[in-house]
Amino acid sequence: MLRYLALKIGRALFVVWAAFSLTFVLLFVLPADPVDLLFDPAEVNAVPPEVREQVAAGYGFDRPVILQYLTRLGHALTGDFGTSVQSGRPVVPTILDVLPSTLLLAAGALALALVIAFVIALAATSARRAWVRDLVEALPSGAVSVPVFLSGILMLQIFSFRLGWFPAFGDRGARSLVLPLITLAIPVSGPIAQLLVRSFATEFRSGYVTTSWAKGATRGGIIVRDVFRNAGLPALTIAGITFGNLIAGSVITETVFARQGVGRMTQAAINTLDVPLVQGTVVLVAAGFALINLIVDLIYPLLDPRLRAALATGRAA
Amino acid sequence: MTVELDALAAGRRAGFARPIAGRLGELTRQPILVASWLVVLVVIGWAVAPGLFTSYGPYAGDASASFLPPSAEHWFGTDRLGRDLFARSVYGAQTTLTATLLAVLIAFGVGTLVGLIAGFAGGIVDTAVMRVIDVFLAIPSLLLAMVVVSVLGYSTQNIALAVGISSIASFARVMRAQVLAVVTQDYVKAAYGLGVGRLGVMLRHVVPNSLSSVIALAALEIGTAVLAVASLGFLGYGAPPPQPEWGLLVAEGRDYVAVHPWASILPGAALAVVVIATHRISTSYRKDHRR
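Residues numbered from 1 in each chain as written. Chains lettered and ligands numbered in written order. Predicted model: local features only at pLDDT ≥ 70, side-chain atom pairs only at ≥ 80, totals over all residues. Heavy atoms only, no water.

The name given to chain B in an unreviewed UniProt entry is ABC transporter permease, with Microbispora hainanensis as the source organism. Per UniProt, chain B carries the Subcellular location (unreviewed entry) text "Cell membrane". (UniProt positions renumbered as here; feature names shortened; annotations may be inferred.)

Per an unreviewed UniProt entry, chain A is named ABC transporter permease, and its organism is Microbispora hainanensis. UniProt lists a comment for chain A under the heading Subcellular location (unreviewed entry), and it reads "Cell membrane". UniProt annotates chain A under Sequence similarities (unreviewed entry) with the comment "Belongs to the binding-protein-dependent transport system permease family."

Chemist: Explain the interface of chain B and chain A here, please?
Modeler: By a widely used convention, the size of an interface equals the accessible area lost when the partners come together. Chain B puts 38 residues into the contact, and the matching count from chain A is 40 residues. Roughly 3,500 Å² of surface becomes buried between chain B and chain A when both sides are summed, with 80% attributable to carbon and sulfur atoms. The interface formed by chain B and chain A includes 0 salt bridges. Where chain B packs against chain A, one counts 3 residue pairs in polar contact (both at pLDDT 80 or more). Only α5 (123–138), α6 (141–152), α10 (198–234), α11 (246–254) and α12 (262–290) of chain B provide two or more residues apiece to the side of chain B that touches chain A. The element contributing the most residues to the side of chain B that touches chain A is α12 of chain B, with 9 residues. Considering only residue class, the side of chain B that touches chain A consists of 29 nonpolar, 6 polar and 3 charged. (Contact = heavy atoms within 4.5 Å. Buried area = accessible area lost by both parts, 1.4 Å probe. Salt bridge = Lys/Arg side-chain N within 4 Å of Asp/Glu carboxyl O. Polar contact = N/O pair within 3.5 Å; in protein donor to acceptor, adjacent residues only side chain to side chain. Helix = DSSP H or I, 4+ residues; strand = E, 2+ residues; numbered from the N terminus. Nonpolar A, V, L, I, M, F, W, Y, C, P; charged D, E, K, R; others polar.)

Chemist: Can you help me understand the environment of A47 of chain B in this one?
Modeler: Residues and elements named next belong to chain B. Looking at the element boundaries, A47 is found in helix α3 (residues 31–48). Taking relative accessible area as the criterion, A47 reaches 13% and is therefore assigned buried. C-alpha of A47 to C-alpha of L97: the two residues are 50 residues apart in sequence and 7.1 Å apart in space. (Buried < 20%, exposed > 50% of the residue type's maximum accessible area, 1.4 Å probe, protein only.)

Chemist: Is there a simple way to think about the packing of aromatic side chains in this case?
Modeler: Any aromatic ring pair is given by two values, namely how distant the centres are and how the planes are angled relative to each other. Summed over all chains, the structure comprises 5 aromatic pairs over all chains. On the numbers, 4.5 Å between centres and 5° between planes, the contact of F149 of chain A with F234 of chain B is stacked. Of this pair, F149 of chain A sits in helix α7 (residues 148–162) while F234 of chain B sits in helix α10, which puts the two residues in different chains. You can call F149 of chain A buried: its relative accessible area is 0%. Look at F234 of chain B and you get buried, because its relative accessible area is 6%. (Phe/Tyr/Trp six-rings, centres within 6.5 Å; stacked < 30°, edge-to-face > 60°.)

Chemist: Even after reading the chapter, I still don't get the UniProt feature "transmembrane region" (unreviewed entry) in chain B, so can you show me in this structure?
Modeler: Residue and element names in this part refer to chain B. Using the residue numbers shown here, the UniProt feature "transmembrane region" (unreviewed entry) corresponds to residues 32–53, 101–125, 132–153, 159–175, 214–239 and 259–281. In the segment residues 159–175, helix accounts for 94% and strand for 0%; the C-alpha atoms at its two ends are 24 Å apart. The span residues 214–239 is 81% helical and 0% strand by assignment, and the distance between its end C-alpha atoms comes to 30 Å.

Structure follows, in structure tokens:
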């Protein structure tokens, strides 16, 4: 058990470190002159050489790469990712400022996506007619196929410009959260629904369901009492993918709805080549991903007695 | 895995034995699949010979025809400069589809090779490669693609490269799992027993038998890659504005969505239809294999 724990934690830490190193190579080593990245592409040729040298010294670009790497890594370990080139503020507070807004959006969208996914899976399992089932099962694939920016624009067009139910832009109050929430929930719900439809179908054919049929349970009773409880668990295994979808979706959702947040900040940072801010964001996202996978790895055995037994005998390590 | 591969082989044999007429008859019972193939073929036509599908040029503007609503003459309406949006969508197919194809080829080629090496070499090589793959999987592919594009510079080719690089990991993982399953098969052991070298076994037995799942993933990945390319185009990392590109078309129309909704919704809807069609085709492909 302890070995399992150490292994999982070690892997999570490795992912975060490697994300840091990868972004360091991409952003600080690969560009021929990283100083170029620090200036607006349109103005880079107008910058006098003295200023360039000063900036290079300020960021430590004049020192050997390996020293730069170790310094940056050392600072990053204490939570210091340098200062944003655009605003001059430290990276971590800049991210923390906009984080709550994105967390709110992502948490709400995730909750809504789970509801949509469970409704689709329940509808597909309880549908008796083949064509209804086929139609419901086609929904998740449709949900991931419609580009987020298109569904966002459609929502804006219908619900804010035509019907005037919700404000079109900004992030004031709960009403402005509704449209971005739905927009983000649609693509996130797709993969979860696909997984649930499959695991509901598997569970529905399993032995304990046959037993319940034999005992005279109704179709609805079986779905709610037996299948629902057992089939929900596998959804946890794609928590990491869901997290990635939420991040990627929030970049576009926040852009379409002009909302403040990590996604929009990342986009702005990339547009202005704000290298320290980009690196900070990527490492933060990778850390979030690693943490979520770690939590899933650790609590999954607690939730699934079969896995717990396997772990106790040391087979799953 | 064994069962799946056997079933696959059986399915193929039965497929060849069935007369062509029967297969066509089966197709008519799946109208959505037929429609999906039609959509994909038409869009490939757009990309190959855009001139056949529209008489307007993608850059030819008419200032007096600014923001015309969709009509028989302008199917998707016109944009601010009076350019025909249908023509721009048709010509944009070339930009977007070329980038998509390039991205999938990069991801497929590199991912398959990496997965093959990891699965076949095993041991420390496998562990090292898989940990690197973990890192790539930990960064959402859109974010990774954005970072790569920012380093390479904005252009459609770089978008393709970025999207390709960001999907290498998933290909490598699937290929490795397949290779690991195939390596333990009896026919591989038999080949070793007959004195075939490691390279010979790998090329003649492991690669052909591992590829089917990866090809199925590639089919699925085409839809995802179209979306990724268009999303990056929408965010403004792709071709510079006068050039037609699907994501960019939506972004250009977005500023006028309150007054002239068709300008961004129709090109976007065309994009969505294409992605749905490729998804439908790739799922039918997977189902055929399962049978």
